[in-house]
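The primary structure of each chain is shown beneath.
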Amino acid sequence: MQKTKLGMSVNLLAALVCLSPLVGGYVVMFGLALYILLAEKDEWLKKTAVKVLAVVFLFGAANVVLGLIPDVISVIDSIFGIFNRSFEIRFVNRLIYAVENILSFLRTILLIAMSLMALGQKAPEFKPVEDLVEKHTEFSDED
């Protein structure tokens, strides 16, 4: 079993970076990913760290885009308020809230699955993330 410079297995460190956004937050995740990318030589471990960053970023970006919709409605309501009128679309706000909760649930399930698969040095095939990582990363063991 391959070990990291910290003395733990590569698989365990990969599982930790996968779980870190769920239990330690973004600071811990970025710290672990930065350590892996700068100090470790294992290409699979580095790709796993980048995949975790990509998953968290993609789900975060989706939440930001969804959050713009209630913000636009709020701006329109503020403008209507100038003329003592109201503009609300409660259904849209409830729908956005439900979709954000579904995305959060899916992110959690995906990160847990990634961590369990990392223990066996496997990675789930999440096509958008796979394509992104393959297109924009290149690691070499010649450091």
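In what follows, the accompanying structure is described.

1. Considerations on the packing of aromatic side chains
Part 1: Applying the stated criterion to the full structure yields one aromatic pair.
Part 2: Judged by centre distance (5.4 Å) and plane angle (40 degrees), the ring pair of F80 and F87 falls under tilted.

2. Some details on helix α1 (residues 10–23)
Part 1: Given a rise of 1.5 Å per residue, 14 residues ought to cover 20 Å, and the 19 Å separating the end C-alpha atoms of α1 matches this to within 8%.
Part 2: Along α1, the largest kink reaches about 30 degrees and is centred on V17; proline P21 follows within four residues of it.
Part 3: Backbone geometry just after α1 places G25 at a positive phi near 90 degrees.

3. Here we look at helix α5 (residues 127–136)
Part 1: Here α5 has its buried residues at V129, E130 and V133. Considered in projection along α5, the buried side chains sweep an arc of 100 degrees and stay on one side of the axis. Away from its buried face by more than 90 degrees, α5 exposes K127, K135 and H136.
Part 2: The elements touched by buried residues of α5 are α3 (43–82).

4. Notes on the nonpolar core
Part 1: Counting 27 residues, the largest nonpolar core has I36, L45, V52, V55, L111 and M114 as the members making the most contacts within it.
Part 2: The element that contributes the greatest number of residues to this core is α3, accounting for nine residues.

What counts and what doesn't
Residues numbered from 1 in each chain as written. Predicted model: local features only at pLDDT ≥ 70, side-chain atom pairs only at ≥ 80, totals over all residues. Heavy atoms only, no water. Phe/Tyr/Trp six-rings, centres within 6.5 Å; stacked < 30°, edge-to-face > 60°. Helix = DSSP H or I, 4+ residues; strand = E, 2+ residues; numbered from the N terminus. Expected span 1.5 Å × (residues − 1). Bend = angle between axes of the 7 residues up to and from the residue. Buried < 20%, exposed > 50% of the residue type's maximum accessible area, 1.4 Å probe, protein only. Arc of directions from axis to C-beta. Contact = heavy atoms within 4.5 Å. Core = buried A, V, L, I, M, F, W, Y, C linked by side-chain atoms within 4.5 Å.

Interpretation in functional terms is not warranted from these geometric data alone.
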